[in-house]
Amino acid sequence: MRCMRCGSQNVSIQVVNEVDLKNAHNGCFWWLCIGWWWIPVKWLCLTIPALLAKIFIPHKQRAVNKTRRKAVCQDCGHVWNI
Ligand SMILES: [Zn+2]
């Protein structure tokens, strides 16, 4: 393994664990395009218990674990993904 910036062989490899929180529910784009009119339509169609459930049940989030290996140059500090 050789550093791309300075050409040094003194490079260590680290395993980096990154956690992204993603909404398991609808995203922002969905709300912009559909949510603002779909929700009132839903109100007309669905019963009040369903509406209350939607309010009181929090949106679930799921954690997405990504394991990334990164190389760190010990000479110049350059970090890059492998
Ligand atoms: Zn370097």
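Residues numbered from 1 in each chain as written. Predicted model: local features only at pLDDT ≥ 70, side-chain atom pairs only at ≥ 80, totals over all residues. Heavy atoms only, no water.

> Outline the overall build of the protein, supporting the account with residue identities and numerical values.
Within the protein one finds two helices and three strands. Reading the protein from its N terminus to its C terminus gives the helix and strand order β-α-α-β-β. Expected size for 82 residues packed as a compact globule is a radius of gyration near 12 Å; at 23 Å, the protein overshoots this value by more than 25%. Put simply, the protein has 82 residues, and 12% of those count as buried. Considering only intrachain contacts with a sequence separation of at least 6, the fraction spanning at least 24 residues in the protein is 72%. Accessible area of the protein: about 6600 Å², with a carbon and sulfur share of 62%. (Helix = DSSP H or I, 4+ residues; strand = E, 2+ residues; numbered from the N terminus. Rg over C-alpha atoms; globule rule 2.2 N^0.38 Å. Buried < 20%, exposed > 50% of the residue type's maximum accessible area, 1.4 Å probe, protein only. Contact = heavy atoms within 4.5 Å. Areas by Shrake-Rupley, 256 points an atom, 1.4 Å probe, with all protein chains shown as cover.)

> Could you give me a rundown of the coordination of the zinc ion, with the residues and numbers involved?
For the zinc ion, every protein donor is listed as Cys3 (SG), Cys6 (SG), Cys73 (SG) and Cys76 (SG), and the spread of their distances is 2.3 Å. One can describe the donor arrangement at the zinc ion as tetrahedral, given that its four donor atoms subtend angles of 107 to 114° at the metal. Accessibility expressed as a relative area gives 41% for Cys6, which makes it partly exposed. Residue class for Cys76 comes out partly exposed when judged on its relative accessible area of 29%. (Donors = N, O, S within 2.8 Å, 3.2 Å for Na, K, Ca; no water. Tetrahedral: all angles 85-135°; square planar, octahedral: opposite > 155°, others 65-115°.)

> Go over the nonpolar core with me, naming the residues and quoting the values.
Cys3, Val11, Ala71, Cys73 and Trp80 together form the largest nonpolar core, which totals five residues. With residues up to four places along the chain from it excluded, the contact list for Ala71 reads Val11, Ser12, Ile13, His78, Val79, Trp80 and Ile82. (Core = buried A, V, L, I, M, F, W, Y, C linked by side-chain atoms within 4.5 Å.)

> Got a sec to walk through the side chain of His78? Specific residues and values, please.
Mapping His78 onto the fold places it in the loop between strand S2 (61-73) and strand S3 (79-81). With sequence-adjacent residues up to four places away left out, His78 is seen in contact with Cys3, Met4, Arg5, Ala71, Val72 and Cys73.

> Could you give me a rundown of the side chain of Ser8, with the residues and numbers involved?
Within the secondary structure, Ser8 is located in the segment before strand S1 (11-23). Using a relative accessible area of 11% as the deciding quantity, one classes Ser8 as buried. Those residues within four positions of Ser8 in sequence are excluded, and the remaining contacts are Met1, Arg2, Cys3, Cys73 and Asp75.

> A description of a nonpolar patch on the surface should follow, citing residues and the corresponding values.
A cluster of nonpolar side chains, Ile34, Trp36, Trp37, Trp38 and Val41, forms an exposed patch at the surface whose accessible area comes to about 480 Å². Considering the arrangement of structural elements, one finds Ile34 in helix H1 (residues 28-45). Overall, the relative accessible area of 30% leaves Ile34 in the partly exposed class. (Patch = residues over 30% accessible without salt bridge, like charges linked within 9 Å, V, L, I, M, F, W, Y side chains within 5 Å. Salt bridge = Lys/Arg side-chain N within 4 Å of Asp/Glu carboxyl O.)

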